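# Secondary and tertiary structure notes
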Amino acid sequence: MPRTEDLRVVGMRPIVAPEDLKRVFPLSDQDAEFVAGARRAFLEVMHGRDPRLVAVVGPCSIHEATAALDYARRLAGLAAELKDQLLVVMRVYFEKPRTTVGWKGLINDPDLDGSYRISKGLGIARRLMCEINELGLAVATETLGSLNPQYLADLISWGCIGARTSESQTHREMVSGLSFPVGIKNSTEGNLQHAIDAIKAADHPHSFLGITHDGRAAIVQTAGNPDVHIVLRGGNEPNYGPEDIAATEAMLADAGLPQAVMVDCSHGNSRKDHTRQGEVAASVVAQVAGGNRSIFGFMLESFLEEGNQSVGADLSQLAYGVSITDKCIDWPTTERILRDVHRALKSCGGRKLE
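Described below are features of the structure shown in this document. (Residues numbered from 1 in each chain as written. Predicted model: local features only at pLDDT ≥ 70, side-chain atom pairs only at ≥ 80, totals over all residues. Heavy atoms only, no water.)

### Re the overall build of the chain
Scanning the chain from N- to C-terminus turns up 10 helices and 10 strands. In terms of overall dimensions, the chain is globule-like: its C-alpha atoms have a radius of gyration of 20 Å, near the 20 Å expected for 354 residues. On the principal axes, the C-alpha backbone points of the chain span a range of 70 × 45 × 45 Å. With 354 residues in all, the chain has 53% of them scored as buried. The contacts in the chain between residues at least 6 apart in sequence include a share of 71% that link residues at least 24 apart. Put simply, the chain shows about 15,800 Å² of open surface, and 50% of that area lies on carbon and sulfur atoms. For the chain, the distance from the average site of its 37 positive side-chain charges to the average site of its 45 negative ones is 1 Å. (Helix = DSSP H or I, 4+ residues; strand = E, 2+ residues; numbered from the N terminus. Rg over C-alpha atoms; globule rule 2.2 N^0.38 Å. Buried < 20%, exposed > 50% of the residue type's maximum accessible area, 1.4 Å probe, protein only. Contact = heavy atoms within 4.5 Å. Areas by Shrake-Rupley, 256 points an atom, 1.4 Å probe, with all protein chains shown as cover. Lys, Arg positive; Asp, Glu negative; His and termini not counted. Charge placed at Lys NZ, Arg CZ, Asp CG, Glu CD.)

### Overview of empty space enclosed by the protein
Counting across every chain of the model gives 2 cavities of 30 Å³ or more. For the largest cavity, the lining is made up of 13 residues, of which Glu-95, Thr-141, Glu-142, Asn-148 and Leu-152 are closest to its centre. Put simply, the parts of the chain that give the lining of the largest cavity at least two residues each are strand 3 (138-142) and helix 5 (149-152). Residue composition of the lining of the largest cavity, by class: 7 nonpolar, 4 polar and 2 charged. The computed volume of the second largest cavity comes to approximately 30 Å³. Around the second largest cavity, the lining residues are Ile-199, Val-228, His-229, Ile-230, Leu-252, Leu-257, Pro-258 and Ala-260. Among the elements that take part in the lining of the second largest cavity, strand 8 (residues 228-232) stands out by supplying 3 residues, more than any other. Residues belonging to the lining of the second largest cavity are distributed by class as follows: 7 nonpolar, 1 polar and no charged. (1 Å grid on protein atoms, 1.4 Å probe; cavity = no way out; pocket = protein on both sides within 12 Å on 5 of 7 lines; lining within 4 Å. Points joined across faces, edges and corners; volume = space filled by probe spheres on them. Nonpolar A, V, L, I, M, F, W, Y, C, P; charged D, E, K, R; others polar.)

### Observations concerning the pattern of salt bridges
Here the structure, examined in full by the defined rule, presents 19 salt bridges. Its salt-bridge partner being Asp-84, residue Lys-346 comes within 3.9 Å of it at the nearest N-O pair. Placement of the pair is Lys-346 in helix 10 (residues 331-348) and Asp-84 in the loop between helix 3 (65-81) and strand 2 (86-91), with a sequence separation of 262 residues. By relative accessible area, which is 52% here, Lys-346 ends up exposed. Judged by relative accessible area, Asp-84 falls into the partly exposed class, the value being 38%. (Salt bridge = Lys/Arg side-chain N within 4 Å of Asp/Glu carboxyl O.)

### Quick look at the layout of surface pockets
For the largest pocket, the calculated volume is near 710 Å³. In terms of lining, the largest pocket is formed by 38 residues, of which the most central are Cys-60, Lys-96, Arg-164, His-267 and Asp-326. Grouping the constituent residues of the lining of the largest pocket by class yields 10 nonpolar, 15 polar and 13 charged.

### Focus: the packing of helix 9 (residues 277-289) against helix 10
Their axes nearest at 10 Å, the elements helix 9 and helix 10 cross at an angle of 10 degrees. Considered as vectors, helix 9 and helix 10 are oriented roughly parallel to each other. For the pair helix 9 and helix 10, contact is made by Gly-278, Ala-281, Val-285, Val-288 and Ala-289 and by Ile-337, Val-341, Ala-344, Leu-345 and Cys-348, respectively. A breakdown of the residues in the contact of helix 9 with helix 10 according to their chemical character gives 9 nonpolar, 1 polar and no charged. (Axes fitted to C-alpha atoms, helices over the stretch in contact; angles between N-to-C directions. Parallel < 35°, antiparallel > 145°, perpendicular 65-115°, else oblique.)

### Remarks on the sheet that holds strand 1 (residues 53-58)
The sheet built from 8 strands closes into a barrel, its strands ordered 1-2-3-4-5-8-9-10 with parallel pairing. The sheet shows a mean angle of 30 degrees between the axes of neighbouring strands, taken without regard to direction. In the sheet, strand 9 (residues 261-264) pairs with strand 10 (residues 295-301) via 4 bridges, with the strands oriented parallel. Following the sheet pairing, Asp-264 is matched in strand 10 by Met-299. Lying on the sheet, helix 7 (residues 193-202) is in contact with strand 5 (182-185) and strand 8; it crosses strand 8 at an angle near 165 degrees. (Pairing = 2+ DSSP bridges.)

### Overview of helix 7
For helix 7, the set of buried residues is His-194, Ala-195, Ile-196, Ala-198, Ile-199 and Ala-202. On the buried face of helix 7, the contacting elements are helix 6 (169-175), strand 5, strand 8 and helix 8 (242-254).

### Brief notes about the packing of aromatic side chains
By the definition in use, this model includes 4 aromatic pairs. Between the aromatic rings of Phe-42 and Trp-158, the centroid separation amounts to 6.1 Å while the plane-to-plane angle is 25 degrees, which identifies the pairing as stacked. Placement of the pair is Phe-42 in helix 2 (residues 29-46) and Trp-158 in strand 4 (residues 158-161), with a sequence separation of 116 residues. A ring pair is formed by Phe-42 and Phe-296, whose centres lie 5.7 Å apart and whose planes are at 85 degrees; its orientation type is edge-to-face. Highlighted residues: Phe-42 in helix 2 and Phe-296 in strand 10, separated in sequence by 254 residues. Take Phe-42: its relative accessible area is 2%, and that puts it in the buried class. Ring-pair connections join several aromatic residues into one group, and the members of that group are Phe-42, Trp-158 and Phe-296. If you follow Arg-91 out to its NZ or CZ, it ends over the ring of Tyr-93, 3.8 Å from the centre. (Phe/Tyr/Trp six-rings, centres within 6.5 Å; stacked < 30°, edge-to-face > 60°. Lys NZ or Arg CZ within 6 Å of the ring centre and 35° of its normal.)

### Digging into the pairing of strand 5
Judged by which residues are buried, strand 5 turns out to be covered on both faces: Val-182 and Ile-184 on one side and Gly-183 and Lys-185 on the other are all buried. Assessed by its sense of winding, the connection that carries the chain from strand 4 through helix 6 to strand 5 is right-handed. Where strand 5 meets strand 8, 4 bridges bridge the pair, whose relative direction is parallel. By the bridge assignment, Val-182 is partnered in strand 8 with Val-228. (Right-handed = clockwise from strand over helix to strand, strands pointing away.)

It is worth stressing that arrangement in space is one thing and function is another; only the former is reported here.
Next comes the structure, spelled out in C-alpha cells:
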C-alpha cells in the first residue's frame with residue numbers, strides 16, 4: 001500500500017498540556033482578582049462609562065524576558081502615576097505573523113535559532129505574564145496560534161487580532177470563546193469591512209476543533225464574545241484623522257455595532273516611521289478633547305531603546321532592550337508621550353461621556 005499521509009512531515013514532538021504548564025506557573029488568587037478587575041476596567045472605558053483612555057504600550061514583540069520585565073517595572077510605576085486619566089495595559093506579544101517567512105515569535109522559537117522549542121516558549125511566556133500581573137500591570141497580547149489561549153488566557157486582560165488574520169475564520173471563531181475583550185485590526189491595505197465582519201462573527205456562537213486543558217482534542221463550543229471592537233492601524237494611508245474616525249463611526253453604526261474605536265499609532269498610521277507615533281497620539285487626544293466619544297484608546301510600539309536590530313548567528317551580540325522586529329520608540333519618548341496625553345486629558349476633563 002502506498003503511503004498517503006505525512007509525506008512532507010519530518011517530525012512530531014509531544015508538547016506540554018495546558019494544565020501541566022499552569023501547575024508550574026499558577027495564577028494566584030490575588031492575581032486572578034487583578035486580571036478580572038483589569039478586564040472590567042477596560043470594558044468600563046470601552047463602553048463609555050469611564051472617562052479615561054486605554055493606552056496599550058509595549059514592544060512590537062518580546063524576544064527576551066529580562067528586558068521585558070525591566071520595561072514592565074518602569075511602565076507599572078508610570079501607569080500608577082497616570083491612572084486618573086489613563087488605563088495603561090502592557091503590550092506583551094509573543095507571536096509574530098509574517099508576510100512570508102521569518103522569526104515567528106518567542107513562543108514558536110524562544111532560542112532564536114530555529115530549534116522551535118515551543119513548550120519552552122510557552123513556559124517563558126506564561127512565567128513572564130505571571131510576573132507582569134504581579135506588578136499590578138495588565139497584560140495585552142495578540143492571539144495568533146489557535147491553541148495558545150488554553151495556555152495563557154487566564155492571564156490576559158485584552159487581546160488583539162492582527163491585520164493579517166482579521167479575515168481568518170479560525171481566528172474569528174477563537175475570539176468568540178475568549179474570556180476577555182478583543183480588538184480586531186483593519187486589513188493591511190486599510191479595509192475596515194474585514195474587521196467589522198470579524199467583530200460580528202465573533203459575537204456569535206461557534207463550534208470548532210480545539211484542545212482541552214489536559215491536552216486532548218475536543219470540540220469547543222462558544223457563546224460568542226460581545227466585547228470586541230475595531231482597531232484602526234492605517235493601511236496604504238493613515239486612518240486616524242477626524243474624517244477617518246467619522247467614516248469608521250458610520251460603518252459601525254450601519255453594522256449595528258458599538259461606537260468603540262482604538263487607534264494604533266504605529267504601522268500604517270505612522271507610515272511605518274516609529275518616530276511619528278507621538279504625532280498620531282497627539283491627534284487622538286486632540287480629537288478626544290474636542291468632544292469625540294468613540295475613541296477610547298490608543299496603542300504605541302515601545303521598548304527600552306529606540307529602533308530595531310537584526311538577529312545574527314552570534315546571539316551574544318544582540319543589544320539589550322532593542323526590538324528584533326518592528327522599530328520601537330525608546331523609554332524616554334514613551335514616558336513623554338504618555339505624560340503629554342495625560343496632561344491634555346486632565347486639562348480638558350477627560351473624555352466626554354454624554
